[in-house]
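# Structure assessment
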4 protein chains.
Amino acid sequence: MKDKEFIRGKVPMTKEEIRILSLEKLDLKNAKTFLDIGGGTGSISIEAALRNKDLKVYTIERNEEAVSLIKENMKKFQIENMKVIKEYAPVEDFKENLDRAFIGGSGGNLREIIKWVKKLLKEEGILVINCIILETLHKSLEILKEEGFEEIECAMANIAKMEKLGEGNYFKPLNPTYIISCKRGKFVE
Amino acid sequence: MKDKEFIRGKVPMTKEEIRILSLEKLDLKNAKTFLDIGGGTGSISIEAALRNKDLKVYTIERNEEAVSLIKENMKKFQIENMKVIKEYAPVEDFKENLDRAFIGGSGGNLREIIKWVKKLLKEEGILVINCIILETLHKSLEILKEEGFEEIECAMANIAKMEKLGEGNYFKPLNPTYIISCKRGKFVE
Amino acid sequence: MKDKEFIRGKVPMTKEEIRILSLEKLDLKNAKTFLDIGGGTGSISIEAALRNKDLKVYTIERNEEAVSLIKENMKKFQIENMKVIKEYAPVEDFKENLDRAFIGGSGGNLREIIKWVKKLLKEEGILVINCIILETLHKSLEILKEEGFEEIECAMANIAKMEKLGEGNYFKPLNPTYIISCKRGKFVE
Amino acid sequence: MKDKEFIRGKVPMTKEEIRILSLEKLDLKNAKTFLDIGGGTGSISIEAALRNKDLKVYTIERNEEAVSLIKENMKKFQIENMKVIKEYAPVEDFKENLDRAFIGGSGGNLREIIKWVKKLLKEEGILVINCIILETLHKSLEILKEEGFEEIECAMANIAKMEKLGEGNYFKPLNPTYIISCKRGKFVE
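Reference entry: report on the structure contained in this document.

What counts as what
Numbering of residues starts from 1 in every chain and runs along the sequence as written. Each chain is given a letter, starting from A, and each ligand a number, starting from 1, according to the order in which they appear as written. Per-residue local features of the predicted model are confined to residues with pLDDT of at least 70, and side-chain atom pairs are confined, for both listing and counting, to 80 or more; whole-chain, interface and lining totals are unaffected and use all residues. The basis for the side-chain values is all heavy atoms of the structure; hydrogens and waters are excluded. It only takes one pair of heavy atoms within 4.5 Å for two residues to be counted as in contact. Put simply, buried area is how much 1.4 Å-probe accessible surface two parts lose in total, over both of them, once they are put together. By salt bridge we mean one thing: a side-chain nitrogen of Lys or Arg within 4 Å of a carboxyl oxygen of Asp or Glu. Between N or O atoms, a polar contact is any pair within 3.5 Å; within protein, one atom must be a potential hydrogen donor and the other a potential acceptor, and residues adjacent in sequence are included only when both atoms are from side chains. Here a strand is any run of E in DSSP of at least two residues, a helix any run of H or I of at least four, and the numbering for each starts at the N terminus. Residues are grouped as follows: Ala, Val, Leu, Ile, Met, Phe, Trp, Tyr, Cys and Pro are nonpolar; Asp, Glu, Lys and Arg are charged; every other residue, Gly included, is polar. DSSP calls a pair of strands paired once it identifies at least 2 bridges connecting them.

## Digging into the interface of chain A and chain B
Facing the 24 residues of chain A at the interface are 25 residues of chain B. The junction of chain A with chain B conceals about 2300 Å² of combined surface from both sides, 56% of it contributed by carbon and sulfur atoms. Between chain A and chain B we count eight salt bridges in total. Here B:Lys25 and A:Glu16 are joined by a salt bridge, their closest N and O atoms 3.1 Å apart. Here chain A and chain B share 15 residue pairs in polar contact (both at pLDDT 80 or more) between them. Put simply, the parts of the chain that give the side of chain A that touches chain B at least two residues each are helix H1 (16-26), helix H2 (43-51) and strand E6 (150-165) of chain A. It is E6(A) that provides the largest number of residues to the side of chain A that touches chain B, a total of eleven residues. Of the residues in the side of chain A that touches chain B, the class split is 14 nonpolar, one polar and nine charged. In terms of strand pairing, E6(A) meets strand E6 (residues 150-165) of chain B through seven bridges, oriented antiparallel. Across the sheet, residue A:Ala157 finds its bridge partner in E6(B), namely B:Ile159.

## Concerning the interface of chain B and chain D
Where the parts come together, the accessible area they lose is often given as the size of the interface. With 16 residues of chain B in contact, the opposing surface of chain D contributes 16 residues. For the pairing of chain B and chain D, the buried interface totals around 1300 Å² over both sides, and the portion due to carbon and sulfur atoms is 68%. Looking only at chain B, the three residues that lose the most surface to chain D are B:Asn169, B:Phe171 and B:Pro173, adding up to 30% of its buried area. For the pair chain B and chain D, the number of links is zero salt bridges. Summed over the shared surface of chain B and chain D, the result is four residue pairs in polar contact (both at pLDDT 80 or more). Residue assignment for the side of chain B that touches chain D shows that the elements contributing at least two residues are helix H5 (134-146), E6 and strand E7 (168-173) of chain B. Looking at which element gives the most residues to the side of chain B that touches chain D, the answer is E7(B), with five residues. Looking at side-chain class alone, the side of chain B that touches chain D contains twelve nonpolar, three polar and one charged residues.

So far we have only geometry, and geometry alone does not tell us how the molecule works.
The following block contains the structure:
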């Protein structure tokens with residue numbers, strides 16, 4: 001889906017190419033439940049819900065303006081398989097069993113959020129994290145390792161989009177973005 | 001789909017991240033017929049066919065070894081909505097009306113292939129071209145413009161994948177790849 | 001030299017990393033005369049002149065505001081081995097024999113400028129071209145080949161600089177820039 | 001200086017573009033003494049010594065094969081202002097006061113090496129670190145901060161070099177490299 005199709009405010013939005021790479025890593029066609037943490041404009045959740053009509057999508061977002069945008073986008077795209085939770089993550093009374101989770105923003109609670117997600121994820125469930133902040137990249141990799149996540153992978157995406165400049169075209173760069181993906185390992189007794 | 005899931009020979013394969021970005025631009029969920037030109041290992045076609053069970057996929061590939069690989073992959077993934085055509089493109093007696101087309105390799109016939117694709121594409125049909133060669137990028141943009149294609153866009157993808165090195169990890173770069181997408185405009189009488 | 005040391009207006013300036021890579025390709029320590037075409041803020045010329053006190057530097061720049069900036073920068077850095085020529089390139093009555101030339105901006109006259117530079121360059125003289133525009137990259141490579149330049153090389157530089165964001169740091173990307181370098185071949189009778 | 005001018009074995013060598021960016025950050029023209037830690041083929045030291053005839057260059061390298069290569073390169077380029085120390089860093093009885101230091105390889109002793117360099121560096125002395133390993137990037141930034149280094153900057157360089165492929169050219173990427181630079185702050189009593 002093109003970025004321009006989303007209703008956007010001043011809330012930062014995951015860009016099209018990053019969104020699609022992240023969604024791919026989430027492998028949602030084989031999932032029933034998906035939690036999106038730090039939903040922003042909700043572009044990840046919206047596209048996840050639209051592409052997978054049988055998926056139950058939960059979006060946690062604490063920012064009022066962002067929540068309004070998500071709801072506007074849900075209306076625009078007539079999304080019915082998605083629920084927005086206006087809270088700070090972790091949300092202790094959210095108990096849904098998850099096939100997939102995505103962290104797009106952590107507001108400084110990265111460790112707590114990852115530990116919480118680990119409890120919610122099913123065996124072999126997939127977690128994807130997006131970040132542009134170097135320290136978040138480092139901490140994520142460290143915490144995921146400590147918490148026993150498996151098949152930890154990371155792609156750095158330097159995407160640039162062709163844009164007009166004078167009579168020609170140049171490549172306007174997006175921010176270098178890290179896309180981390182991993183699996184909740186098998187349960188061990 | 002991960003690259004490692006494909007049976008690969010020495011035939012170059014579109015890498016996972018590039019494949020998924022290209023498939024996204026093709027917007028196949030809204031299409032009925034898709035032609036993949038220069039199929040290589042067939043990874044684009046295979047993933048297109050797997051994700052869209054109602055899509056009819058045609059793959060043109062002239063290289064014997066590549067055709068064998070494509071067929072092996074079709075068997076592995078039990079693909080039934082895909083047909084391989086062992087020919088040099090353009091294939092004059094291929095007359096299918098197309099919703100989508102992809103050029104992954106042109107063997108020096110870029111202009112002929114684009115002109116031929118233009119004749120096959122339906123109104124508003126989408127063409128996506130992948131290239132790493134600078135001259136192919138330039139020629140493609142030029143020819144697409146001359147032939148009246150619309151909404152010509154291009155993304156340059158510099159993707160690097162985290163890999164182990166000693167006790168740490170570094171980012172191993174893929175070749176910078178250009179992903180061009182455009183639309184066959186409305187028919188004018 | 002850091003970008004912030006230069007007096008800058010609204011004129012675009014070659015960024016530190018690109019400037020230093022370009023200067024390196026110019027190999028100015030082995031040169032006596034250097035022409036900078038499309039000087040902008042003059043950062044290439046200024047740094048060339050400062051680092052090589054015996055080098056005679058000529059800067060051609062047609063934009064009034066840019067010329068003022070160059071002169072302010074010359075004053076600031078007390079440059080004496082540099083001359084600014086306020087003209088459109090090519091400047092037909094400029095007849096200096098050149099060891100090195102740099103094209104940072106061509107104002108649409110790329111072919112004429114390259115042909116003119118070729119006449120001015122000594123045997124084995126070096127020409128470096130910077131561009132961010134795809135069409136300029138393509139045309140430059142094409143014209144340089146046609147005009148018989150040798151050892152044509154090109155580096156694409158995707159540089160990103162660490163900047164604070166919240167409590168952390170991210171990498172802010174510069175525009176992808178192409179640095180072309182080549183040699184005026186040996187004179188053939 | 002071009003990479004091909006160096007005598008190379010199997011020892012990894014800092015590539016031309018990375019070397020020149022690193023040398024620039026070192027600002028050697030305003031220095032008298034320079035220490036290169038983990039010299040590899042010595043390309044940084046050699047180019048530093050060649051460009052700055054009055055600079056005293058010290059290279060610490062523990063690998064026998066690398067030390068031989070450095071010495072061969074010193075002979076080739078007739079370097080006289082450079083001394084090779086075959087040791088593991090930190091080298092406790094090396095007591096030279098330093099204007100500049102470069103860490104190209106740390107063999108797992110990063111913290112000890114940075115602390116040791118800090119003791120050797122003069123007030124306002126510059127330290128530059130090159131790395132491709134993510135963990136080294138992170139640790140370096142952390143240690144430099146803890147040790148009170150100032151003006152910590154970092155550039156990520158994604159450089160790709162044009163190379164022939166069939167009848168055209170593509171951009172072959174170098175490994176993404178981080179170039180960290182910082183200053184030993186003012187001495188405080």
